[in-house]
Amino acid sequence: MKLEEFVQKFAEQFDETPAEVFTASTVFKELEEWSSLTALSVIAIVDEELDKRITGADIRSSNTIEDLFSIIQSK
Amino acid sequence: MYNPFSLEGKTILVTGASSGIGRGIAVECSKMGAKIVITGRNIERLQETFDFLEGNGHVQISADLSKQEEIEMLVSSTPDLKGCVHCAGIPKICAVKFINRDTIEDIFNVNTIAPILLTSLLVKKKKLLSKSSIVFISSISGVFVANTGESPYSATKGAISGFVKGAAFELAAQGTRVNSINPGLVPTNILKLSNTVFSPEQLEETMYKRYPLKRVGTPEDVAYAAIYLLSEASNWVTGVNLVVDGGYTLA
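No experiment lies behind these values; they were computed from the predicted model shown.

*Asks:* Lay out the interface of chain A and chain B in plain terms, naming residues and giving numbers.
*Replies:* Taken together, the contact between chain A and chain B spans 14 residues of the former and 11 residues of the latter. Taking both sides of the interface into account, the surface hidden between chain A and chain B amounts to around 1000 Å²; carbon and sulfur atoms contribute 66%. Counting the surface chain A buries against chain B, the share from its top three residues, S36(A), L40(A) and R60(A), is 46%. Broken down by secondary-structure element, the contributors of at least two residues to the side of chain A that touches chain B are α2 (36-50) and α3 (56-60) of chain A. The biggest single contributor to the side of chain A that touches chain B is α2(A), with 8 residues.

*Asks:* Tell me about the pattern of salt bridges, and please be specific about residues and values.
*Replies:* Residue and element names in this part refer to chain A. The final tally for this structure, using the stated rule, is 11 salt bridges over all chains. We note a salt bridge from K75 to D58, for which the minimum N-O separation is 3.1 Å. Taken together, the residues K75 in the segment after α4 (65-73) and D58 in helix α3 connect sequence positions 17 residues apart. K75 gets classed as partly exposed once you look at its relative accessible area, which sits at 44%. Under the relative-accessibility criterion, D58 is labelled buried at 13%.

*Asks:* So what's going on with the packing of helix α1 (residues 20-31) of chain B against helix α2 (residues 43-52) of chain B? Residues and values would help.
*Replies:* Residues and elements named next belong to chain B. α2 packs onto α1 with a crossing angle of 25° between their chain directions and a minimal axis gap of 9 Å. Of the possible angle classes, the one that applies to α1 and α2 is roughly parallel. Here α1 runs over α2; the crossing is right-handed. Between α1 and α2, the residues in contact are R23, A26 and V27 and R45, E48, T49 and F52, respectively. Of the residues that constitute the contact of α1 with α2, the class distribution is 3 nonpolar, 1 polar and 3 charged.

Conventions adopted
- Residues numbered from 1 in each chain as written.
- Chains lettered and ligands numbered in written order.
- Predicted model: local features only at pLDDT ≥ 70, side-chain atom pairs only at ≥ 80, totals over all residues.
- Heavy atoms only, no water.
- Contact = heavy atoms within 4.5 Å.
- Buried area = accessible area lost by both parts, 1.4 Å probe.
- Helix = DSSP H or I, 4+ residues; strand = E, 2+ residues; numbered from the N terminus.
- Salt bridge = Lys/Arg side-chain N within 4 Å of Asp/Glu carboxyl O.
- Buried < 20%, exposed > 50% of the residue type's maximum accessible area, 1.4 Å probe, protein only.
- Axes fitted to C-alpha atoms, helices over the stretch in contact; angles between N-to-C directions.
- Parallel < 35°, antiparallel > 145°, perpendicular 65-115°, else oblique.
- Left-handed = near helix turned anticlockwise from the far one by under 90°.
- Nonpolar A, V, L, I, M, F, W, Y, C, P; charged D, E, K, R; others polar.

So, to be careful, I would describe these as geometric facts and stop short of saying anything about function.
Here's what the structure looks like:
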């Protein structure tokens with residue numbers, strides 16, 4: 001999966017935040033809609049689409065969507 | 001000494017006894033004088049629990065209760081019982097929109113279907129002596145509260161709550177009592193295994209502080225409730241959800 005596609009999948013986990021807000025450099029934890037539910041959804045979509053297991057710790061250590069993508073790539 | 005909570009002379013089956021709440025219940029019940037039949041999947045950890053039991057005459061039977069033939073094997077090998085505590089369970093954290101058939105079938109098999117089928121077979125094969133007590137380890141989740149990602153787990157425990165009521169009503173005819181214990185958070189290995197989502201700090205912040213009694217539970221907290229429900233102290237109690245949660249559901 002390419003970074004752009006991952007950004008799109010990431011954006012799809014949000015219901016209120018418009019998709020165009022999301023870029024590779026979005027600091028996602030600053031989004032108003034970011035919550036334990038969106039975090040859970042991101043973990044689940046990575047599992048479903050990329051067959052990789054990320055943890056809450058991986059999300060905590062990422063600031064931008066690209067940071068998280070790099071962690072996923074390294075798994 | 002006068003003790004209406006004594007389990008002296010009672011044989012009690014404890015499932016999920018290889019760890020966590022199940023182990024705590026098996027050990028505490030043995031200290032109250034019960035003969036314990038422990039069952040679990042992991043043979044090494046089941047042996048560890050067995051070694052912790054006080055007194056003599058206990059039995060261990062390794063079984064995977066997600067398989068019907070192993071439920072049948074367990075029921076045919078167990079001696080006559082005065083009590084049964086269903087502790088085997090798994091957690092699952094999953095957002096509603098990511099639930100799929102495998103997720104929901106796996107957790108229902110272990111948390112709901114297996115203990116119901118085991119109960120049914122114990123009754124059918126007359127393994128429960130007169131005035132027996134059956135205890136389900138349920139949860140506050142699904143019966144009183146729920147948190148993000150808990151819906152599959154909550155569904156399994158809500159179903160248990162319904163079964164407890166139906167079975168309590170029906171089995172009252174033979175003097176058997178059926179109740180559940182609904183604990184709040186009891187940190188055990190199983191939680192650590194499942195919990196890749198929240199950090200210990202997050203748990204501390206968002207969960208532990210919500211307990212008015214200022215701590216989460218221990219297996220012993222749950223075991224003491226089980227002793228009450230298994231003993232003659234609760235002879236007139238059936239069909240209840242006994243909340244043991246440090247006051248969590250008050251908030």
